[in-house]
Amino acid sequence: MKKGDYLIDPWASSTVDYDKLVNQFGIKKFSEILPQIINPGRLMRRGVVFGHRDFEKINNLINTDKEFTVVTGMMPSGQMHIGHKMVVDQLKWYLDKGAILSLPIADMESYAARGINFETAKDIAINEYLSNYIALGLDLNHKNVNVYLQSQNELLKDLTFKLSKKTNFNELKSIYGFSPSTNFAHLYAPLIQVADILFPQIEEMGGPKRVVVPVGIDQDPHIRLTRDIAEKMNDDLSFISPSSTYHRFLTGLTGDKMSSSKPKTAIYLNESPEIAEKKVKTAKTGGRESLEEQKKLGGNPDQCVVYEMLVYHLIDDDKELKKIYDSCKDGSLLCGECKGRTSELMKKLFEDLSKKQEDSREIAKNLI
Ligand code: TRP
Ligand code: SF4
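What you see is a predicted model; the values in this text were computed from it and never measured.

Visitor: When you look at the side chain of Gln-294 in this model, what are you seeing that I'm missing?
Guide: On the secondary structure map, Gln-294 appears in helix α13 (residues 291-297). Excluding residues that lie within four positions of it along the chain, Gln-294 makes contacts with Gly-287, Arg-288, Gly-299, Gly-331, Leu-333, Leu-334 and Cys-335.

Visitor: Would you take a moment to explain unusual backbone geometry for this structure?
Guide: For residues other than glycine, phi is negative in most cases, and the peptide bonds are mostly trans. For Asp-54, which is not a glycine, the phi torsion comes out positive at approximately 55°. Looking at the secondary structure, you find Asp-54 in the loop between β2 (49-53) and α4 (55-63). When its relative accessible area of 17% is taken as the criterion, Asp-54 is described as buried. One non-glycine residue with positive phi stands out, namely Asp-65, at about 55°. Note on Asp-65: relative accessible area 73%, which makes it exposed.

Visitor: Which parts of the structure should I look at to understand the packing of aromatic side chains?
Guide: The tally for this structure, following the rule as stated, stands at eight aromatic pairs. Ring-pair connections join several aromatic residues into one group, and the members of that group are Phe-68, Trp-93 and Tyr-94. One cation-aromatic arrangement involves Arg-248 over Tyr-18; the distance from NZ or CZ to the ring centre is 4.6 Å. For the cation-ring pair, Lys-257 lies above Phe-249, with the distance from its terminal atom to the ring centre recorded as 4.2 Å.

Visitor: For this particular structure, what's the right way to read the confidence of the model for the protein chain?
Guide: The predicted coordinates ought not to be read in detail in places where the model reports low pLDDT. Put simply, the protein chain has an average pLDDT of 94, and 96% of its residues get 70 or more. Taken together, the stretch residues 1-7 has pLDDT below 50 and engages in nine contacts with residues farther than four places along the chain or on a different chain.

Visitor: When you look at the site of ligand 2 in this model, what are you seeing that I'm missing?
Guide: The environment of ligand 2 is made up of Thr-285, Gly-286, Gly-287, Gln-294, Cys-304, Val-306, Tyr-307, Cys-328, Leu-333, Leu-334, Cys-335 and Cys-338. Among the cavities detected, the one that contains ligand 2 is the largest cavity. Within the residue set of the shell around ligand 2, elements represented by two or more residues are α14 (305-314) and α16 (335-365). Its residues placed into classes, the shell around ligand 2 shows eight nonpolar, four polar and no charged.

Visitor: I keep staring at the nonpolar core and nothing clicks. Help me out?
Guide: What tends to happen in soluble globular proteins is that the nonpolar side chains get buried as a cluster. Core analysis: the biggest nonpolar cluster contains 73 residues, and Phe-55, Tyr-94, Leu-101, Tyr-133 and Leu-140 have the highest contact counts within it. Considering each element in turn, this core owes the most residues, nine residues, to helix α7 (residues 118-135). Domain assignment of the residues forming this core places at least three in each of domain 1 (18-247) and domain 2 (271-365). Beyond its immediate chain neighbours, meaning those up to four positions away, Leu-101 contacts Val-70, Leu-91, Tyr-94, Leu-95, Leu-138, Asn-144, Val-145 and Asn-146.

Visitor: Looking at this structure, how should I read the sheet that holds strand β4 (residues 100-105)?
Guide: To summarise the sheet geometry, strands pair through backbone hydrogen bonds and adopt either a parallel or an antiparallel arrangement. Spatial ordering of the open sheet is given by β1-β2-β7-β6-β3-β4-β5, a layout of seven strands whose pairing is mixed. Here the strands that pair on one side only, and so sit at the sheet edges, are β1 (28-29) and β5 (145-149). In terms of strand pairing, strand β3 (residues 69-71) meets strand β6 (residues 211-216) through two bridges, oriented parallel. If you follow Thr-69 over to β6, its bridge partner there is Val-211.

Visitor: Got a minute to help me understand the environment of Glu-204 in this structure?
Guide: Relative to the assigned elements, Glu-204 resides in the loop between α10 (184-198) and β6. By relative accessible area, Glu-204 is classed as exposed at 55%. In the structure, Glu-204 is positioned 49 residues away from Leu-155 in sequence and 8.6 Å away in space, judged by C-alpha atoms.

Visitor: Help me understand the layout of surface pockets, please; the structure alone is not making it clear to me.
Guide: Empty space within the largest pocket amounts to approximately 1,000 Å³. In this structure, the largest pocket is lined by 44 residues; those nearest its centre are Pro-10, Met-75, His-84, Asp-218 and Gln-219. Elements supplying a minimum of two residues to the lining of the largest pocket: α5 (85-96), α6 (107-114), α7, α10 and β6. Of the residues forming the lining of the largest pocket, the biggest block, four residues, is contributed by β6. Along the lines of polarity and charge, the residues of the lining of the largest pocket split into 20 nonpolar, 17 polar and seven charged. Of the voids in this model, the second largest pocket is the one considered here, and its volume is about 470 Å³. Top element by residues in the lining of the second largest pocket is α14. It accounts for five residues. Residues belonging to the lining of the second largest pocket are distributed by class as follows: eight nonpolar, four polar and five charged. When residues of the lining of the second largest pocket are assigned to domains, at least three map to each of domain 1 (18-247) and domain 2 (271-365).

Conventions used here
Residues numbered from 1 in each chain as written. Chains lettered and ligands numbered in written order. Predicted model: local features only at pLDDT ≥ 70, side-chain atom pairs only at ≥ 80, totals over all residues. Heavy atoms only, no water. Helix = DSSP H or I, 4+ residues; strand = E, 2+ residues; numbered from the N terminus. Contact = heavy atoms within 4.5 Å. Buried < 20%, exposed > 50% of the residue type's maximum accessible area, 1.4 Å probe, protein only. Phe/Tyr/Trp six-rings, centres within 6.5 Å; stacked < 30°, edge-to-face > 60°. Lys NZ or Arg CZ within 6 Å of the ring centre and 35° of its normal. pLDDT = per-residue confidence, 0-100. Near = heavy atom within 4 Å. 1 Å grid on protein atoms, 1.4 Å probe; cavity = no way out; pocket = protein on both sides within 12 Å on 5 of 7 lines; lining within 4 Å. Sits in = over half its atoms within 2 Å of the grid points. Nonpolar A, V, L, I, M, F, W, Y, C, P; charged D, E, K, R; others polar. Core = buried A, V, L, I, M, F, W, Y, C linked by side-chain atoms within 4.5 Å. Domains from an automatic or database assignment. Pairing = 2+ DSSP bridges. Points joined across faces, edges and corners; volume = space filled by probe spheres on them.

If you want it as structure tokens, here you go:
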């Protein structure tokens, strides 16, 4: 196999063929299970959440009002951008459905993979991640929410050590492409993440239970490793294989992947409403070369970053969204007007965010 054929590298930004992943790795199409979900969230309805493993097991619990747990982590490195909002929106939906949320802050991973020290990582976690999670409307003080730093969770570290017995270098190499010169901290990082995912099931946390992990598709290698290890654990420490869902990446303003380290591609959550508004206006559209052509042939919303922002973040009402889609296609809506409206909505979102950010920071400080 060629490298690109099978490897999704969770520590690199790569472009992704979603359909291929669904076919190759046994990820199921989310659209097939969608009709069974009661009041699916916006990202589910719109196909942004495109794949899953074993989500039907979680959905059965939701539909019968039974308890389940959601695990998803944040690696504190760099700034949060609007692409990261997708996880927060899903967590809000799950919390409404009665879930318990277990939210690790992956400071050991950012140490291993990005060379960020623990103190800095904690700072970034508070000031960037947790405070924005709160400002975006997730109640981290809710009794069902558990936030922790990997480096401070002794039970997690014990679990990491124990489950390390059930994998070996060859497996890690085949999943991640590790080589003999990969340092041990980096080898260890995915094992800590496996522990994050299995952590809610240890005896101290109440024993085996159903867990779902909503993540971007780049995290699937960790899910595969976790499911493999979970199955190999014995009676002493037994786990139910976790379910997972996968969402698409948000396209960057330039048309490439949105990336924290490339300011031209991203709208950062700590940017001012005016900058956010301006950045929308720089986004790549699916518009035609000339106005005449667009009026005649229509635009291409499926290839348009502006439209994607409406879909992912800015318009709740499906009917209103469809109207924009149709009027783009039939040439009656032109990019100038459409960008104007979208940037206005983005500005509003950011005005709301910036109002909440300061108070949120105070709350975030007391969480970890
Ligand atoms: N590796 C994830 C990231 O890069 C963060 C993470 C840590 C995580 N532990 C997790 C994600 C557990 C899902 C479940 O963002
Ligand atoms: Fe995109 Fe709007 Fe232009 Fe259509 S009209 S291509 S949705 S910016």
